[in-house]
Amino acid sequence: MRDMSDGRVMVFAPAPQLTVTIEQHHDEPELHVHPGGQGIWQTRMITSLGAHVTLCAAAGGEVGRVLSPLLDELPGVTLRLVMREHGSGWYVHDRRGGTRQEIAERPGTPLSRHELDELYNLTLAEGLRAGLAILSGPAHPSVIKPEVYGRLAADLRNNGCQVIADLCSKHLAAVLEAGISVLKISHEELIADGTAPDGSTPSLIKALQHLHEHGAETVLVSRADEGALALINGEIFNVALPRLTPAEHRGAGDSMTAGVAAVLAHGGPMEEAVRTGAAAGALNVTRHGLGTGHVDAVRVLTERVELTPMKKAS
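Below or above, wherever it landed, is the structure these notes cover. (Residues numbered from 1 in each chain as written. Predicted model: local features only at pLDDT ≥ 70, side-chain atom pairs only at ≥ 80, totals over all residues. Heavy atoms only, no water.)

**As for the packing of helix H4 (residues 146–158) against helix H5 (residues 169–178)**
Note the cut-off: To define axes, lines are fitted to C-alpha atoms, for helices over the stretch in contact only, and angles between the resulting N-to-C directions are given on a 0 to 180 degree scale. Strands are runs of DSSP state E lasting at least two residues, helices are runs of H or I lasting at least four, and both sets are numbered from the N terminus onward. Orientation categories follow fixed angle ranges, with anything under 35 degrees roughly parallel, anything over 145 roughly antiparallel, 65 to 115 roughly perpendicular, and all other angles oblique. What makes a crossing left-handed is the near helix being turned counterclockwise from the far one by less than a right angle; a clockwise turn instead makes it right-handed. We call two residues in contact whenever any of their non-hydrogen atoms come within 4.5 Å of each other. Polar here means any residue outside two lists: the nonpolar Ala, Val, Leu, Ile, Met, Phe, Trp, Tyr, Cys and Pro, and the charged Asp, Glu, Lys and Arg; Gly therefore counts as polar.
Between H4 and H5, the shortest axis-to-axis distance is 8 Å and the interhelical angle comes to 25°. Our classification of the angle between H4 and H5 gives roughly parallel. In this structure, the crossing between H4 and H5 has a hand that is right-handed. Packed against H4, whose contacting residues are Pro146, Tyr149, Gly150, Ala153 and Ala154, the element H5 presents Lys170, His171, Ala174, Val175 and Ala178 at the interface. Class assignment of the residues belonging to the contact of H4 with H5 gives a composition of seven nonpolar, two polar and one charged.

**Here we look at the packing of aromatic side chains**
Heads up, the rule is: Each pair of aromatic rings taken from Phe, Tyr and Trp, with Trp reduced to its six-membered ring, is defined by centres within 6.5 Å and is described as stacked if the planes are under 30 degrees apart, edge-to-face if over 60, and tilted in the remaining cases. Whether a residue is buried, partly exposed or exposed follows from its accessible area with a 1.4 Å probe, protein chains only, as a fraction of its type maximum: under 20%, in between, or over 50%, in that order. Think of it as a cone above the ring: NZ of Lys or CZ of Arg counts as a charge over the ring if it is within 6 Å of the ring centre and within 35 degrees of the ring normal.
Within this structure, the stated rule accounts for one aromatic pair. Taking 5.4 Å as the distance between ring centres and 70° as the angle between the ring planes, the aromatic pair formed by Phe12 and Tyr149 counts as edge-to-face. With Phe12 in strand E1 (residues 8–13) and Tyr149 in helix H4, this pair connects stretches of sequence that are 137 residues apart. Neither residue differs from the other here; Phe12 and Tyr149 are each classed as buried. The aromatic ring of Tyr120 is capped on one face by Arg151, whose charged end is 4.3 Å from the ring centroid.

**A short note on the pattern of salt bridges**
Applied cut-off: Counted as salt bridges are all cases of a side-chain nitrogen of Lys or Arg within 4 Å of a carboxyl oxygen of Asp or Glu.
The tally for this structure, following the rule as stated, stands at seven salt bridges. Here Arg95 makes a salt bridge to Glu23, at a shortest N to O gap of 3.3 Å. Of this pair, Arg95 sits in the loop between strand E6 (88–94) and strand E7 (101–108) while Glu23 is found in strand E2 (residues 17–25), placing the two residues 72 residues apart along the sequence. In terms of burial, Arg95 and Glu23 fall into one category: buried. Put simply, Asp117 and Arg113 hold a salt bridge, and the shortest N to O gap is 4.0 Å. In this pair, Asp117 and Arg113 are both assigned in helix H3 (residues 113–130), four residues apart and thus about one turn of the helix distant. Each of Arg80, Glu126 and Arg129 takes part in one network of salt bridges that share partners.

Shown next as structure tokens:
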């Protein structure tokens, strides 16, 4: 695994959330307040792996006034923030019993036309400046329309930027039409979208081929604790993950996407990127914090990730 020290990634996280989690530490409850959402968790892991992130996001309202300084404190991150008049999303979860229980949650209000125009422009500029962009999804699809993602993917790709998408449903369809460099998606999302009838390996292989034919150059499908499947340079691989005892299942897929991005940001080959992504995802489940993991542990685990060729894509 090459040294990670000078790469840059633009992460599009249009609607980050304020996350409040109650934990139990010995006999006392603990309150944890952090910025969250898919793009934020990806950002944390990318910076843990030594790459620099330019984070393009929007925040506003009462929640946004709390969220904004937390975003600004993320280490290794250049924040490009559009201030909104209304509605950043939030959630409150209770983990005192050992499992995550949702108390209340709001995804946030949709971005206005003016807010969206400003966010789009700065995202396009920063994506082209970085040369590698992650398009992450909102907490709820109503916050930002799919066509925004499609336009952004097309504008970035047409001007020489590599685009990684971690999306599903209509937002995924929009970026596939534009064409993307890498797609990361879970087998649950493929089933929910109707792209795969079930989670069997033959069904998922057909789904990989379908996604490749419709616009994704490389496809990575996570399968919880069953490893992953990847389509790389026209060949399908089984990705065998190290077996680790989980503390928190959420966030593994976002860490997988981040691991891929961190390697590509430094010019690494796609096979190494997929192996690193798989290692980062596997490590994340051992931690309570989402999108976290120590670079040394990821390096060691990457050496234990096996890519086994299965077949050529048809």
